[in-house]
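A structural walkthrough
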Amino acid sequence: MKEREEVELLNFDVKHFTKEALISAAIQSAFDLGLPVAVWRLPNQNEINLIVSFTALQQLQRVEFPTLPKGFLIAPFENDKKGNQFIKADFHLSFDFDEVIEGSDISSDETATGKAFKTQLIERLSNPIEKPEYFSLEKAVDTSVDYKALVQKSIDYIKSGVFEKVVPARAAQFQLPQHFDPVSLFMNICQEYTNAFAYFVSTPEIGTWMGATPELLLSKQQNIFKTVALAGTKRFDTETPIEETAWLQKEIEEQALVSRYIISCFKKIRLREFEERGPRTSKAGNLLHLKTTYEVDVEATNFPELPTVMLELLHPTSAVAGMPKTETLQFLSEYEGLDRAYYSGFLGPVNLDEQTNIFVNLRCMQVDKHTTTLYAGAGVTEDSVPEKEYLETEMKFNTLRNLIYPAS
Ligand SMILES: C=C(O[C@@H]1C=C(C(=O)O)C=C[C@H]1O)C(=O)O
């Protein structure tokens, strides 16, 4: 670890501050200067990372992972419209438990913005703030759509053979508590959902998003490419050991469709050597899902561009859109009545610690100044019951809602 001398970049010992104070001051300083900031914690890890870009978001036509600098990728559900957005890591802090383990000024030349950011950070640390401000789009979201009727329509379309599975979503808007602090919420997410990808992203262009997603879209660590098929939802029951969870035919089929979709992507690019594990029951907060993992050795298969190619083929998977893709996307844009924005898009760190980890943006919310919009969907098949799918979206909302409004 390139410890001390890099931590010294702030000209004083950051170890005097808690990680909450440092994260708050960095978010506030990014806000003050109109700069993009991302904070995250990978599943089953202690390390929290924070990056700030000294330039505006970069729009990427194609996500060429091997040539991208260190940064954070975020893309909306309807990717063709706004495209992939990239937050370049010009400033990077990482924390393990309470210790700053790395602080680095990645940008090679000291720009005026970079200098201004560090000056501002020192200023904000010396005069601590209670909670940071963040970018807010104050977006109006139509939450009036009758979700149960939408599920019924989905079932009718499936029965008439238009498609096999579709994932309609809905949004709910809530007033934020008066003393809402995104940093303490982020810390609670990290603590409560240890096997989720916990994140906070705030930029002038996309506003502020937070979440605790259980779904990996793809990752590359050393030479191993990984993706998962995640679907089927049940409430976690503390009385039943996870491995003894019983799944209904409907849920098994729903998840098998996602697996089949991933395998069809591999087939399209003539990739035959992959390792498949599962389906197994996987816990996500208070919910359980069925999960199959796929791994490919990109060196052995001589396929370095696999993550780039698979990103384009996979998104949106049938876990968030449906099967087949074209018909279900058409149905959703016609009847869902919701701008999903970054919900069910994808996001995650790129080329940090020589790894890339991109997740499907689920169990997430867009945060405005006084309100928050939560998004959730449910996989509908022929055997779905509208009331049950509605309750499933409520349970998914609860992932974050329970932490924003803890029962007193
Ligand atoms: C669509 C969501 O979740 C997806 C849909 C699932 C399902 O239909 O059972 C389960 C996990 C996710 O792949 C969501 O959380 O909003």
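Every chain's residues receive numbers from 1 upward, in the order its sequence appears when written. With the structure being a predicted model, the display of local features is reserved for residues of pLDDT at least 70 and the display and counting of side-chain atom pairs for 80 or more, all residues being used for whole-chain, interface and lining totals. Hydrogens and water molecules were not included; the side-chain quantities draw on all heavy atoms of the structure.

**Focus on the sheet that holds strand β4 (residues 71–75)**
Here the rule is simple: two strands pair whenever DSSP picks up at least two bridges between them. Labels follow the DSSP assignment, with helices taken as runs of H or I lasting at least four residues and strands as runs of E lasting at least two, numbered in each case from the N terminus. A sheet is described by the order of its strands in space; here nine strands give the open sequence β3-β5-β4-β17-β18-β12-β13-β15-β14, paired in antiparallel fashion. The open sheet has two edge strands, β3 (58–60) and β14 (275–284), and neither has a second partner. Neighbour-to-neighbour, the strand axes of the sheet open up by a mean angle of 20°, direction not taken into account. The pairing of β14 with strand β15 (residues 287–297) spans eight bridges and is classified as antiparallel. Counterpart to S282 in the pairing with β15 is H289. Helix α8 (residues 306–314) contacts β4, β12 (216–221), β13 (224–235), β15, β17 (346–350) and β18 (355–360) of the sheet and is inclined by roughly 175° relative to β12. All axes here are fitted lines through C-alpha atoms, helices being fitted over the stretch that makes contact, and every angle between N-to-C directions spans 0 to 180 degrees. By definition, residues are in contact when any of their heavy atoms lie within 4.5 Å.

**A look at the domain arrangement of the protein chain**
One can read the domain layout of the protein chain as domain 1 (3–126) and domain 2 (147–404). Residue ranges for the domains trace back to a domain assignment, done automatically or taken from a database. Its C-alpha centre places domain 1 at a distance of 26 Å from the equivalent point of domain 2. Using a 1.4 Å probe, buried area is obtained as the accessible area two parts lose upon being combined, added over both of them. Considering only the surface of domain 1 that becomes buried against domain 2, R41, F65 and F77 emerge as the three largest contributors, covering 24% of it. One side-chain nitrogen of Lys or Arg within 4 Å of one carboxyl oxygen of Asp or Glu is enough to make a salt bridge. Summed over the shared surface of domain 1 and domain 2, the number is one salt bridge. Between E312 and R62 there is a salt bridge; the shortest N-O distance is 2.8 Å. Looking at the side of domain 1 that touches domain 2, the elements that each hand over two or more residues are α2 (19–33), β1 (37–41), β4, α3 (79–82) and β5 (84–88).

**Details of the UniProt feature "domain: Chorismate-utilising enzyme C-terminal" (unreviewed entry) in the protein chain**
UniProt positions are given in the numbering used here, feature names are shortened, and annotations may be inferred rather than shown by experiment. The feature "domain: Chorismate-utilising enzyme C-terminal" (unreviewed entry), as annotated in UniProt, sits at residues 146–396 in this numbering. Strand forms 34% of residues 146–396 and helix 30%; the C-alpha atoms that close the span are 18 Å apart.

**Considerations on the site of the ligand**
For this description, a residue counts as near a given molecule or strand if any of its non-hydrogen atoms is within 4 Å of it. The environment of the ligand is made up of 18 residues, and the closest members are E215, T233, Y343, R363 and G379. Side-chain atoms alone can form a polar contact between residues adjacent in sequence; in general such a contact is a pair of N or O atoms within 3.5 Å, and within protein one must be able to donate a hydrogen while the other accepts it. A distance of 2.6 Å separates an oxygen atom of the ligand from a polar side-chain atom of E215. One of the side-chain nitrogen or oxygen atoms of R363 is found 2.7 Å away from an oxygen atom of the ligand. When residues of the shell around the ligand are traced back to their parent elements, those giving at least two are β13, β20 (371–377) and α10 (386–404). With four residues, the single largest contributor to the shell around the ligand is β13.

**Brief notes about the packing of helix α5 (residues 147–159) against α10**
Two numbers describe how α5 lies on α10: the axes approach to 9 Å, and their chain directions differ by 125°. As judged from the angle between their axes, α5 and α10 are oblique. Note that α5 runs across α10; the crossing there is right-handed. Residues Y147, K148, V151, Q152 and I155 of α5 touch α10, and the partners they reach there are P386, E387, E389, Y390 and T393. The class makeup of the residues in the contact of α5 with α10 is five nonpolar, two polar and three charged. With respect to orientation, any angle under 35 degrees is reported as roughly parallel, any angle over 145 as roughly antiparallel, any angle of 65 to 115 as roughly perpendicular, and every other angle as oblique. For a crossing to be left-handed, the near helix must be turned anticlockwise from the far one by less than a right angle; the clockwise case is right-handed. Residues are grouped as follows: Ala, Val, Leu, Ile, Met, Phe, Trp, Tyr, Cys and Pro are nonpolar; Asp, Glu, Lys and Arg are charged; all remaining types, including Gly, are polar.

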